[in-house]
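One-letter residues, chain by chain:
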Amino acid sequence: MKKKRIGILTSGGDCPGLNATIRGVARAAYEMFDTEIVGIADGFKGLIEGDYRTFEKHEFSGILTRGGTILGTSRQPFSAMRVIGDNNVDKVAAMKANYKRMNLDCLVTLGGNGTHKTANLLAQEGLNIIGLPKTIDNDIYGTDVTFGFHTAVDTATDVIDRIHTTAASHGRCMVVEIMGNNVGWLTLYAGLAGGADVILLPEIPYNMDEVVRKVKERHAAMKTFCILAVAEGAMSQAEARLKKKDRLLRRQQQHFTTISQRVAIELEERLPGMEVRVVIPGHIQRGGSPSAYDRVLATRFGAHAVELINENLFGVTVAMIGNTVDHNPLAEVAGKTKPVPADHQMVTVARRMGINFGA
Ligand code: F6P
């Protein structure tokens, strides 16, 4: 059988489990065929600029537990892919030319929603593409879970756990801002796992009266502290009526850079005497070694990608569908996201636990 040359890149924001997935692809490929793996640097940037090299088999050893990505990554907005910039580079033509120059049989792209759009574009341009779904946001359409998500849930939960003890000691309201600009899966899971009292998600715009009512209710029940898990993209009901651009502009004018600051200031104004603190773990949630769950998921996803290569099935992305690793056509996934449905079973369960969503 002819040697297979497999290109691989990681694109968009990093997450734990990228290296474990790269390893999963490499191990399965070396096991199944005569293989050469070409690592492309910094995502689609390396594909555009021709920054790549053939890796040695041993370079995929010892990376199962390592956070980040050995290939490097960058954000290359899909909206700019067809735009010829000042440097006169036709990015799509450059990517196709470099794919040819590398003499690839296929290209495996590890990334989130933006990556899937560009992957689909390249598939439509005739390249053999296989996507792999990564993101701590868990918002890729068509897959129950993405690798990186559960490690981030563990990290964010640990933050909430630690905040609990100091909140209780001081009788304070602690506003923990959790990553997720567009969707609230991470906040929902970590909020539930960490026993938050209030969870604010982008998908359920909040009314501050409701949040204040919850804090007062806890006080009346002799619970002097309160934990709020607030998604980075959470918004008030008034803000939800604005376009995203206008919403961000309004926040700038009001001198809030993050939603958690805004919630904290409003709480202090409306609950005289209450001390409120803001905690933003930020990119810590994207860092560190993948959890055991993510290592297993990454390995299964990576191995499945190689099965698809073996079957010459391209233009697809790997997915977990009802506990089985499977795949979806890229064309069906690209451009869609997976928000938290406001009536999701987990939201209902959280409400039964007395958790307030501000609405
Ligand atoms: O998509 C993952 C994510 O971590 C989001 O939750 C967050 O809004 C965004 O990336 C932050 O991106 P950057 O690393 O570019 O600041």
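Predicted model, so just to flag it, every value in this text is computed and none were measured.

A.B. asks: Explain the overall build of the chain to me, using residue names and the numbers behind them.
C.D. replies: Scanning the chain for helices and strands turns up 13 helices and eleven strands. What you see for the chain is a C-alpha radius of gyration of 22 Å, in line with the 21 Å of a compact globule of 359 residues. When each of the 359 residues of the chain is scored for burial, the buried share is 54%. Long-range contacts, defined as pairs at least 24 residues apart, comprise 73% of the intrachain contacts of the chain with a sequence gap of at least 6. Accessible area for the chain stands at about 15600 Å²; split by element, carbon and sulfur atoms hold 50% of it.

A.B. asks: Give me the lowdown on the packing of helix H5 (residues 149–170) against helix H6 (residues 185–193), citing residues and values where you can.
C.D. replies: Interhelical geometry of H5 versus H6 gives an angle of 50° and a closest axis separation of 8 Å. Here H6 runs oblique to H5, going by the angle between their axes. Seen from above, H5 lies across H6 with right-handed handedness. Taken together, the residues of H6 that come into contact with H5 (itself represented by Phe149, His150, Ala152, Val153, Ala156, Thr157 and Ile160) are Trp185, Leu186, Tyr189, Ala190, Gly191 and Ala193. Its residues assigned to classes, the contact of H5 with H6 comprises ten nonpolar, three polar and no charged.

A.B. asks: Tell me about the nonpolar core, and please be specific about residues and values.
C.D. replies: With 65 residues, the main nonpolar core has Leu132, Leu188 and Phe357 as its most contacted residues. Among the elements that make up this core, the one with the highest residue count is H5 (eight residues).

A.B. asks: Please set out the pairing of strand E5 (residues 129–133) residue by residue, giving values where relevant.
C.D. replies: Here E5 lies mainly inside the structure; five of its five residues are buried. Burial along E5 is two-sided: Ile129, Gly131 and Pro133 and Ile130 and Leu132, pointing in opposite directions, are all buried. Sheet topology places strand E4 (residues 106–111) next to E5; five bridges connect them, and they run parallel. From the neighbouring strand, valine 108 faces E5, where its bridge partner is isoleucine 130. Since E4 and E5 lie parallel, the crossover through helix H4 (residues 113–124) that links them has a hand, and here it is right-handed. Sheet analysis places E5 next to strand E10 (residues 316–321), joined by two bridges and oriented parallel. Looking across to E10, one finds that isoleucine 130 is bridged to valine 316.

A.B. asks: Could you give an account of the packing of aromatic side chains, with specific residues and numbers?
C.D. replies: Tallied over the entire structure, the rule returns four aromatic pairs. Between the aromatic rings of phenylalanine 149 and tyrosine 189, the centroid separation amounts to 5.0 Å while the plane-to-plane angle is 85°, which identifies the pairing as edge-to-face. Here phenylalanine 149 is found in helix H5, whereas its partner tyrosine 189 is found in helix H6, with 40 residues between them in sequence. According to the relative accessible area criterion, tyrosine 189 is partly exposed, its value standing at 27%. Following the ring pairs from residue to residue traces out a cluster consisting of Tyr30, Phe55 and Phe60. A cation over a ring is seen here: lysine 4 above phenylalanine 33, with NZ or CZ 5.3 Å from the ring centre. Cation over ring: arginine 53 sits above phenylalanine 55, and NZ or CZ is 3.9 Å from the ring centre.

A.B. asks: Explain unusual backbone geometry residue by residue, including any values.
C.D. replies: A positive phi angle, near 65°, is found at histidine 255, a position not held by glycine. Its location among the elements puts histidine 255 in the loop between helix H9 (244–253) and helix H10 (259–270). A relative accessible area of 70% means that histidine 255 is categorised as exposed.

A.B. asks: Tell me what's going on with the site of the ligand, and back it up with residues and numbers.
C.D. replies: What surrounds the ligand is the set Arg75, Ile136, Asp137, Met179, Gly180, Asn181, Glu232, His283 and Arg286. The contact in question runs from an oxygen atom of the ligand to an N or O atom on the side chain of arginine 75, over 2.9 Å. Protein coverage of the free-state accessible area of the ligand, which is 400 Å², stands at 71%. Tallied by class, residues from the shell around the ligand come to two nonpolar, three polar and four charged.

Cut-off values and rules
Residues numbered from 1 in each chain as written. Predicted model: local features only at pLDDT ≥ 70, side-chain atom pairs only at ≥ 80, totals over all residues. Heavy atoms only, no water. Helix = DSSP H or I, 4+ residues; strand = E, 2+ residues; numbered from the N terminus. Rg over C-alpha atoms; globule rule 2.2 N^0.38 Å. Buried < 20%, exposed > 50% of the residue type's maximum accessible area, 1.4 Å probe, protein only. Contact = heavy atoms within 4.5 Å. Areas by Shrake-Rupley, 256 points an atom, 1.4 Å probe, with all protein chains shown as cover. Axes fitted to C-alpha atoms, helices over the stretch in contact; angles between N-to-C directions. Parallel < 35°, antiparallel > 145°, perpendicular 65-115°, else oblique. Left-handed = near helix turned anticlockwise from the far one by under 90°. Nonpolar A, V, L, I, M, F, W, Y, C, P; charged D, E, K, R; others polar. Core = buried A, V, L, I, M, F, W, Y, C linked by side-chain atoms within 4.5 Å. Pairing = 2+ DSSP bridges. Right-handed = clockwise from strand over helix to strand, strands pointing away. Phe/Tyr/Trp six-rings, centres within 6.5 Å; stacked < 30°, edge-to-face > 60°. Lys NZ or Arg CZ within 6 Å of the ring centre and 35° of its normal. Near = heavy atom within 4 Å. Polar contact = N/O pair within 3.5 Å; in protein donor to acceptor, adjacent residues only side chain to side chain.

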